[in-house]
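# Residue-level structural notes
Chain by chain, the residues run as shown.
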Amino acid sequence: MFKYIFRIFLLFFLFTATSFAEDSISVETRACLSCHRIVTPGIVKDWEASVHSKTTLKEALNKNSLSKKVSTNSTLAKDDIVIGCAECHTANSELHKDTFEHNGFKVHIVVSPKDCAICHSKEVEEYNKNLMAEAYGNLKDNPLYAKLIKSSLEPSPNTLSENDACLACHGTKVEVKDKVVKNTMLGEMEFPLLSGWPNNGVGRINPDGSKGACTSCHPRHSFSIEIARKPYTCSQCHKGPDVPAYKVYVVSKHGNIFYSEEKNINFKNTPLKAGEDFRVPTCATCHVSLIVDSNNNVIIERSHQMNDRLAWRIFGLIYAHPHPKDSYTAKIKNKKGLSLPTELTGEFVKEFLISKRGMKKRENKMKKICISCHSTSWTENFFSKFHNTIKTTNEQTLEATKILLKAWEKSVAEPSNPFDETIEKMWVEQWLFYANSVRFASAMGGADYGVFEKGRWYLNKNIQNMKEWLMFLLKTKEVKN
Ligand code: HEC
Ligand code: HEC
Ligand code: HEC
Ligand code: HEC
Ligand code: HEC
Ligand code: HEC
Ligand code: HEC
Ligand code: HEC
């Protein structure tokens, strides 16, 4: 009995001692910590290791502009305290459908980009212009892609299987379904019951109506810049045969050196100095990071928009095409009324896509990064090769499409769902797997993925197979008639 009382006393002493020592933690957050050190110790440890637990908004706002990580002077945020549990989980509580009464606080579970925007408005604004923020609607609002989902999953996919498949990466819709009383370590408490959760897909629709999950690259509760700068983070979604960016990077020269030298790369400094902090680029370097030279001159600004360095959309829909002007792609319509940025015969649906001038501007931004380590001629030759690849892979997509159009015309395949018959699936693989693979290899340097590993060999072989399969279908029809 004495031992038991002693233990409780000791625990009480430890909590109060640690809390009162940390003046810069708000009273509200101290209350959260007193229970959450027991109920969710991992979350508290992650938070303690993060810069949020160590930096007050005031300190952060005083940093010089290149290393400043907060972009708001909002009066919403108290500036003399560190960013604790309460600062995130009770912010904007009236906007959140998942807000619940929790031990005297109005807490919400899904801290959203809108909450982060209180202090990081620049990142959130940029991210909202990114394809990733629209990834849910781009898939779910496009009637053509609904057919692709159906032909990829079971014949009538239910919400749970969609959430487990396409929406695992693209993002789910998180909704409050009910309230439930649970028996916790500290007695009975009531919590909201969420559907479409957990999920950290990039275009997730949150209970406050905002889009995206910053946790897809900055997992909670370390919210670390270091994790986001490493290629492993992107591998979660950019890996499959349709989107092989990570696989291509792993076997590229940049990837080889990264994996050998990882321990010598500085992932913590802001801004990153080319040549000093890093000598080979990672995904983040080429697509997101602020990079400066040794005199702190800016080589390229940071951007969470990410497409402002991308001239081409090399992910063929169904051909590689200039980048869309607006990231909500479901509103694009081609001449046939399909929500695609290209016609089936390869012409671009220009009114929805950026201009040649816009493309040049974006490509020049990307080239600036290369030129921080390579010569101009190395860089120019690289891009000539890349442009040639776009041309040849689009040509081979057209050749496969002509075979499919013939099958439709001769009524040996039926176009209402263009993804569900054998010859149609062969066609899908032509642009979705093989043409994409060749282009990703050409853009980011993994030669095998451009040749024998789902590359040019398959582009050729597939055309042959499609031709022979069409002949077989035509002959079968002849015999039947
Ligand atoms: C009296 C103790 C206590 C206090 C104070 C407390 N919590 Fe909790 N909290 C709990 C317990 C217990 C759970 C349930 C853990 C579980 O599901 O096993 C919980 C769960 C949660 C959840 C997850 C809910 C879910 O359904 O997934 C969040 C988010 C949360 N708390 C945030 C906070 C925040 C923020 C504060 C401070 C403003 C706070 N809590 C204060 C005890 C407390
Ligand atoms: C910088 C903002 C921020 C801070 C600070 C923060 N959280 Fe969170 N928390 C989040 C985000 C974002 C999520 C992920 C929500 C989702 O699923 O999208 C989350 C999720 C959670 C969850 C549910 C996740 C799970 O695995 O069950 C709990 C519980 C929680 N936080 C508790 C805490 C506690 C306790 C603290 C303080 C030690 C804290 N949070 C500090 C932003 C924050
Ligand atoms: C109330 C203000 C506030 C809110 C809300 C907030 N942050 Fe922060 N954030 C900060 C401060 C302060 C820093 C530290 C800046 C520094 O060290 O200069 C920071 C730093 C960061 C960093 C850099 C981490 C590193 O390793 O250098 C990331 C990433 C980040 N926050 C993401 C988020 C995300 C995601 C959310 C929402 C889930 C969020 N923050 C919510 C104030 C906030
Ligand atoms: C492992 C993660 C992941 C899964 C699972 C996934 N996708 Fe994607 N999807 C991506 C990525 C990454 C991109 C962007 C590729 C790029 O730009 O290189 C993308 C882009 C797309 C696009 C282009 C949308 C547009 O208009 O920009 C479509 C269509 C698509 N995916 C369909 C699907 C379908 C259908 C499923 C389920 C059968 C699915 N995806 C499952 C990661 C995923
Ligand atoms: C949780 C999944 C996920 C993670 C993690 C992820 N992405 Fe994405 N990314 C996507 C999806 C899905 C799309 C395509 C959305 C669409 O087309 O509608 C995409 C699109 C992109 C695009 C095209 C953006 C545009 O607007 O053109 C780039 C570039 C990109 N991702 C780079 C990265 C990098 C770099 C990382 C790692 C730092 C990363 N992604 C991490 C899922 C993810
Ligand atoms: C696709 C991956 C990805 C997503 C999603 C993402 N970030 Fe980032 N974020 C990064 C990368 C990579 C960096 C490092 C940039 C650099 O090196 O300059 C970064 C850096 C940051 C920083 C530190 C900036 C600085 O000045 O050092 C903040 C703050 C931040 N992100 C906030 C957010 C918020 C808020 C969201 C959600 C709207 C978000 N991020 C979503 C990849 C991502
Ligand atoms: C050396 C710089 C570099 C590195 C490193 C790099 N990329 Fe790229 N990435 C490019 C270039 C160049 C393009 C094509 C530019 C264009 O489309 O105009 C590209 C295209 C992409 C696209 C295609 C977007 C679209 O619209 O179709 C995605 C997604 C992408 N990269 C993700 C990644 C990921 C994930 C990694 C790390 C595993 C990575 N990149 C590493 C330079 C790089
Ligand atoms: C931070 C420095 C850095 C940046 C930025 C960078 N590279 Fe590299 N790159 C290297 C290094 C180092 C090598 C290895 C050179 C060698 O093989 O001797 C390399 C190798 C390459 C190779 C491999 C050549 C071969 O024959 O295997 C290509 C291609 C390449 N880079 C293209 C690019 C392009 C295109 C960009 C911009 C989109 C870029 N690099 C950005 C440092 C960089």
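Residues numbered from 1 in each chain as written. Chains lettered and ligands numbered in written order. Predicted model: local features only at pLDDT ≥ 70, side-chain atom pairs only at ≥ 80, totals over all residues. Heavy atoms only, no water.

### A word on the pairing of strand β3 (residues 175-184)
Where β3 meets strand β4 (residues 187-195), nine bridges bridge the pair, whose relative direction is antiparallel. By the bridge assignment for β4, Asp178 is matched with Leu193. Between β3 and β4, which pair antiparallel in sequence order, lie two residues. (Pairing = 2+ DSSP bridges. Helix = DSSP H or I, 4+ residues; strand = E, 2+ residues; numbered from the N terminus.)

### Some thoughts on the side chain of Asn394
By the secondary structure assignment, Asn394 is in helix α17 (residues 376-409). There is a polar contact of 3.4 Å between the side chain of Asn394 and the side chain of Arg439. (Polar contact = N/O pair within 3.5 Å; in protein donor to acceptor, adjacent residues only side chain to side chain.)

### Quick notes on the sheet that holds strand β7 (residues 298-300)
Strand pairing within a sheet occurs via backbone hydrogen bonds; the two strands may be parallel or antiparallel. Taken in spatial order, the three strands make up an open sheet running β5-β6-β7, and their pairing is mixed. One side of each edge strand has no neighbouring strand; the edge strands of this open sheet are β5 (272-273) and β7. Note that β5 and strand β6 (residues 291-292) share two bridges and pair parallel. The residue bridging Lys273 from the neighbouring strand is Val292, located in β6.

### Some thoughts on the nonpolar core
Core analysis: the largest hydrophobic core is formed by 32 residues, its most contacted members being Ile423, Trp427, Trp431 and Met466. Broken down by secondary-structure element, the contributors of at least two residues to this core are α7 (135-140), α8 (143-152), α17, α18 (422-444) and α19 (456-480). Both domains that meet at this core, namely domain 1 (15-216) and domain 2 (225-480), each give it at least three residues. With near-sequence residues (within four places) excluded, Trp427 lies in contact with Ile318, Leu344, Ala400, Thr401, Leu404, Pro418, Phe419 and Met466. (Core = buried A, V, L, I, M, F, W, Y, C linked by side-chain atoms within 4.5 Å. Buried < 20%, exposed > 50% of the residue type's maximum accessible area, 1.4 Å probe, protein only. Domains from an automatic or database assignment. Contact = heavy atoms within 4.5 Å.)

### As for the packing of α17 against α18
Interaxial distance between α17 and α18 falls to 9 Å at its minimum, and their mutual angle equals 180°. When the interaxial angle is binned, α17 and α18 end up roughly antiparallel. Grouping the constituent residues of the contact of α17 with α18 by class yields 14 nonpolar, eight polar and three charged. (Axes fitted to C-alpha atoms, helices over the stretch in contact; angles between N-to-C directions. Parallel < 35°, antiparallel > 145°, perpendicular 65-115°, else oblique. Nonpolar A, V, L, I, M, F, W, Y, C, P; charged D, E, K, R; others polar.)

### Observations regarding the domain arrangement of the chain
Along its sequence, the chain is organised into domain 1 (15-216) and domain 2 (225-480). Taking the mean C-alpha position of each, domain 1 and domain 2 sit 31 Å from one another. In this assembly, 25 residues from domain 1 lie in contact with 33 residues from domain 2. For the domain 1 and domain 2 pair, buried surface summed over both sides reaches about 2600 Å², with 59% attributable to carbon and sulfur atoms. For the domain 1 face of the interface with domain 2, the top three residues by lost area are Leu66, Leu131 and Leu144, together amounting to 25%. Counting across the domain 1 and domain 2 interface gives 13 residue pairs in polar contact (both at pLDDT 80 or more). Of all elements in the fold, only α6 (113-127), α7 and α8 reach the threshold of two or more residues within the side of domain 1 that touches domain 2. The element that contributes the greatest number of residues to the side of domain 1 that touches domain 2 is α8, accounting for six residues. Class assignment for the residues of the side of domain 1 that touches domain 2 results in nine nonpolar, eight polar and eight charged. (Buried area = accessible area lost by both parts, 1.4 Å probe.)

### Let's talk about the site of ligand 5
In the vicinity of ligand 5, 23 residues are found, and the nearest of them are Cys234, Cys237, His238, Asn307 and His323. Contact distances for ligand 5 include 2.9 Å between an oxygen atom and a side-chain N or O atom of Asn138. Within the side chain of His238, one N or O atom sits 2.8 Å away from a nitrogen atom of ligand 5. Mapped onto the shell around ligand 5, the elements with two or more residues apiece are α7, α10 (166-170), α12 (231-235) and α15 (283-287). Grouping the constituent residues of the shell around ligand 5 by class yields 12 nonpolar, 10 polar and one charged. Structurally, the shell around ligand 5 is a two-domain feature, drawing no fewer than three residues from each of domain 1 (15-216) and domain 2 (225-480). (Near = heavy atom within 4 Å.)

### Remarks on the pattern of salt bridges
Within this structure, the stated rule accounts for 17 salt bridges. Residues Lys230 and Glu226 are paired through a salt bridge, measuring 3.3 Å at the closest nitrogen-oxygen approach. You can call Lys230 buried: its relative accessible area is 18%. Asp326 serves as the salt-bridge partner of Lys331, at 2.8 Å between the closest nitrogen and oxygen. (Salt bridge = Lys/Arg side-chain N within 4 Å of Asp/Glu carboxyl O.)

### Re the coordination of the iron atom of ligand 4
Within the protein, just one atom coordinates the iron atom of ligand 4: His170 (NE2), at a distance of 2.2 Å. For His170, the position within the fold is in helix α10. (Donors = N, O, S within 2.8 Å, 3.2 Å for Na, K, Ca; no water.)

### Comments concerning the coordination of the iron atom of ligand 7
Around the iron atom of ligand 7, the protein contributes the donor atoms His287 (NE2) and Met444 (SD), at 2.0 to 2.3 Å from the metal centre. Angles of 84 to 179° at the metal separate the six donor atoms of the iron atom of ligand 7, which places the site in the octahedral class. Pair noted here: His287 is in helix α15 and Met444 is in helix α18, with a separation of 157 residues, a long-range link. The exposure class assigned to His287 is partly exposed, which follows from its relative accessible area of 21%. Take Met444: its relative accessible area is 26%, and that puts it in the partly exposed class. (Tetrahedral: all angles 85-135°; square planar, octahedral: opposite > 155°, others 65-115°.)

### Examining helix α16 (residues 356-371)
Taking 1.5 Å as the rise per residue, α16 with 16 residues should run 22 Å; its terminal C-alpha atoms sit 22 Å apart, in good agreement. Taken residue by residue, α16 has Met359, Arg362, Glu363, Met366, Lys367 and Ile369 as its buried positions. Here the buried residues of α16 occupy an arc of 145° about the axis, which is enough to place them on one side. Turned more than 90 degrees off the buried face of α16, the exposed positions are Arg357 and Lys361. Lining the buried residues of α16 we find α15, β6, β7, β8 (312-313), β9 (321-322) and α17. (Expected span 1.5 Å × (residues − 1). Arc of directions from axis to C-beta.)

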